[in-house]
Amino acid sequence: MAQKGAELDRESFSCSICLDLLRDPVTIPCGHSYCMKCIENIWDEEDEKEVHSCPQCRQTFKPRPTLVKNIMLAALTEQLKMTGLGASPSTHSYAGPEDVACDICTGRKLKATKSCLMCLLSYCENHLQPHYDVARLKKHQLVEPSKHLHENVCSRHDEVMKMFCRTDQQSICYVCTVDEHKDHDIVSGAAERMEKQRELEVRREDIQLMIQDREEDMVLLQQEVDYINASAEKADSESEKILFEMICLIQQRSSELKQQIRSQQESEVKRVKEFQKKLELEICELKRKEVELEQFLHIEDHSFFLQHFPSLSSLSESDGSSNINVRPLNYFEDVTAAVSELRDKFQDILMSKCAEISFRVTEVDVLLSEPEPKTREDFLRYSTKITLDPDTAHTKLLISEGNRKVVLMNQSQVYNVHPERFIVPFQVLSKQSITGRIYWEVEWGGMGCCVAVVHKDVNTAESEFGSNNKSWALLCSKDKHEFLHNNTRVPISDSDSSRIGVYLNQKAGTISFYSVSEAITRLFKVKTTFPDPLYTGISLFFSCGDTAEICEL
């Protein structure tokens, strides 16, 4: 009785909105009390209506009342909490909006602790007790509280559905077994449950194995991440070292060239200086002779002048010119030109090799277990623009439609002589190489064509697509379809469609050929190791007028 009184006391001081003890209690004009926050939230939602009401008695107020904390109620709820009666007993917690309520409780309902599949009712702890005490009720099946008990009742006969019809794959009641489900394969719900449970167990084991596989894959992928990081670090370090060595080598050659230029400069300057010194001596000697001649010219004694003239005339004889050739100032310009030429060649090599190195970096591709596309939309993600190369086309092939279409003609076409042009048979390669994952489609007309993936290093004079180990070809005709590789033919199922899809996954080493219509159907798949580079090839050899066109996707 004391506990019941405590529950009543608690209920008297509970907010009817949050079902908890009042917090900051307020009393509105109609006399009902709520938590201040709870009633504010309710009235905030009613602000648009400009009329506010009591959640219990529905009395309306206009304008919105001003809320003031009820001091007495606040003090009483605090005392209730201090006495330990504020918390709801664990065995008598009330059901909230998300809880399953006891179907037997009257008034404010308690949470259900169990639901009975026989009674189709949910019970709180108190009302469940007879199921533990009464012998007949002990046989009932109790489960965790459920809001869906009504789904166990037959909508036609209002009976519990304890049977299962395997023919219609649905739960039924006993009346259904002799009514609309007569002569069907019927078992008890428990038997079907055991059967389905065994299936789920098997499926669960499969999922566990899949989880184990995925976890192992996770480990492998983490190892792959570690390998990628280690490889990148190693490549970064070694590339930096190699490039530093190149820089040092260039600096060394620069230093050697500078030293060589300075040495040659000193040698040539020394040689010129020595010649200058020699010329200075000659100038001094000539000036001395000039003075002697000047003095002799002023002698007045004719007899003495004539007597000594022969000896003096020899003083005026010259050794000739110095033979100095004055050249434009271009002594080391040839060196500059040679270094400039080296720079240009190095720049060309550097650009070419840097582009190749960049391609090698972007070519790094961790091959994950990515599934092959299933639908045409999936394949189109890998489509790219491909055109035919007229320089490789046999002379009886006419290339048109922006180099996408090829037609076999009676007369040879006018083409330039080119070393990569096919001589026999009537074949042509794509202009673009194909790498990575790529998809394209070819529409053929007439008697048929051959669609191939080809390594460019093929014998243009003799090799047909599929006749060597560097080409993989699908022969399509109205009569048959065949796969050709290394001169081996593999018959495959025919296709009514004249459009062929080709999916290349170079890293995985696979080529898949598809028949493309309303649906996409795989005709043949080959797994191998591909050389690089690869090209797509088309061959026409049935009759004049046959066509093949690389489709725009």
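The structure we're discussing is the one just above.
Residues numbered from 1 in each chain as written. Predicted model: local features only at pLDDT ≥ 70, side-chain atom pairs only at ≥ 80, totals over all residues. Heavy atoms only, no water.

Trainee: Give a detailed account of the sheet that holds strand β6 (residues 121-123), specifying residues and quantitative values.
Mentor: If you walk across this open sheet you meet the three strands as β6-β5-β7, and the pairing is antiparallel. Only two strands of the sheet have a single partner each, and these edge strands are β6 and β7 (142-143). Taken together, the three bridges between strand β5 (residues 114-116) and β6 define a ladder with antiparallel strand orientation. Residue cysteine 116 lies in a different strand from β6, and its bridge partner there is leucine 121. (Pairing = 2+ DSSP bridges. Helix = DSSP H or I, 4+ residues; strand = E, 2+ residues; numbered from the N terminus.)

Trainee: How would you sum up helix α8 (residues 189-297)? Please name residues and give values.
Mentor: With 109 residues, α8 ought to run about 162 Å at 1.5 Å a step, and its terminal C-alpha atoms sit 155 Å apart, in line with that. Of the positions making up α8, those classed as buried are Glu192, Lys289 and Phe296. (Expected span 1.5 Å × (residues − 1). Buried < 20%, exposed > 50% of the residue type's maximum accessible area, 1.4 Å probe, protein only.)

Trainee: Could you give an account of the pattern of salt bridges, with specific residues and numbers?
Mentor: One pass over the full model with this rule turns up 23 salt bridges. Residue arginine 288 pairs with glutamate 285 through a salt bridge whose shortest N-O separation is 2.3 Å. Residue arginine 288 and its partner glutamate 285 are both found in helix α8; the two are separated by three residues, about one turn of the helix. Look at glutamate 285 and you get partly exposed, because its relative accessible area is 34%. (Salt bridge = Lys/Arg side-chain N within 4 Å of Asp/Glu carboxyl O.)

Trainee: Go over the pairing of strand β21 (residues 520-527), please, and point to the residues and values.
Mentor: Judged from the seven bridges that link them, strand β20 (residues 510-516) and β21 form a sheet pairing that is antiparallel. When the bridges of β21 are listed, serine 512 appears paired with lysine 525.

Trainee: Please provide a residue-by-residue account of the sheet that holds strand β8 (residues 163-165), values included.
Mentor: The sheet built from three strands is open, its strands ordered β9-β8-β10 with antiparallel pairing. Whereas interior strands pair on both sides, the edge strands pair on one side only; in this sheet they are β9 (170-172) and β10 (186-188). Along the sheet, successive strands turn relative to each other by an average axial angle of 35 degrees, direction set aside. Its contacts with the sheet put α8 on β8 and β10, and the angle it makes with β10 is roughly 90 degrees. (Axes fitted to C-alpha atoms, helices over the stretch in contact; angles between N-to-C directions. Contact = heavy atoms within 4.5 Å.)

Trainee: Hey, could you go over the packing of aromatic side chains for me, with residue numbers and the actual values?
Mentor: By the definition in use, this model includes eleven aromatic pairs. With 5.7 Å between their ring centres and 90 degrees between their planes, phenylalanine 422 and phenylalanine 465 make a pair best called edge-to-face. Remark: phenylalanine 465 occurs in the loop between β15 (448-455) and β16 (471-477) and phenylalanine 422 occurs in the loop between β12 (405-408) and β13 (427-429); sequence separation between them is 43 residues. In this structure phenylalanine 422 comes out as buried when scored by relative accessible area, which is 2%. On the accessibility criterion, phenylalanine 465 (5% relative accessible area) is buried. Here the aromatic residues Phe379, Tyr382, Tyr439, Tyr503 and Tyr514 are joined through ring pairs into a cluster of three or more. (Phe/Tyr/Trp six-rings, centres within 6.5 Å; stacked < 30°, edge-to-face > 60°.)

Trainee: Summarise a nonpolar patch on the surface; cite the residues concerned and give the values.
Mentor: Together, Ile242, Leu243, Met246, Ile250, Phe346 and Leu350 give the surface a local cluster of nonpolar side chains, amounting to about 510 Å² of exposed area. Of all the elements in the fold, those that place two or more residues in the nonpolar patch are α8 and α10 (333-363). Looking at the nonpolar patch, the element that brings in the most residues is α8, giving four residues. Secondary-structure assignment places phenylalanine 346 in helix α10. The partly exposed category is assigned to phenylalanine 346, whose relative accessible area is 35%. (Patch = residues over 30% accessible without salt bridge, like charges linked within 9 Å, V, L, I, M, F, W, Y side chains within 5 Å. Areas by Shrake-Rupley, 256 points an atom, 1.4 Å probe, with all protein chains shown as cover.)

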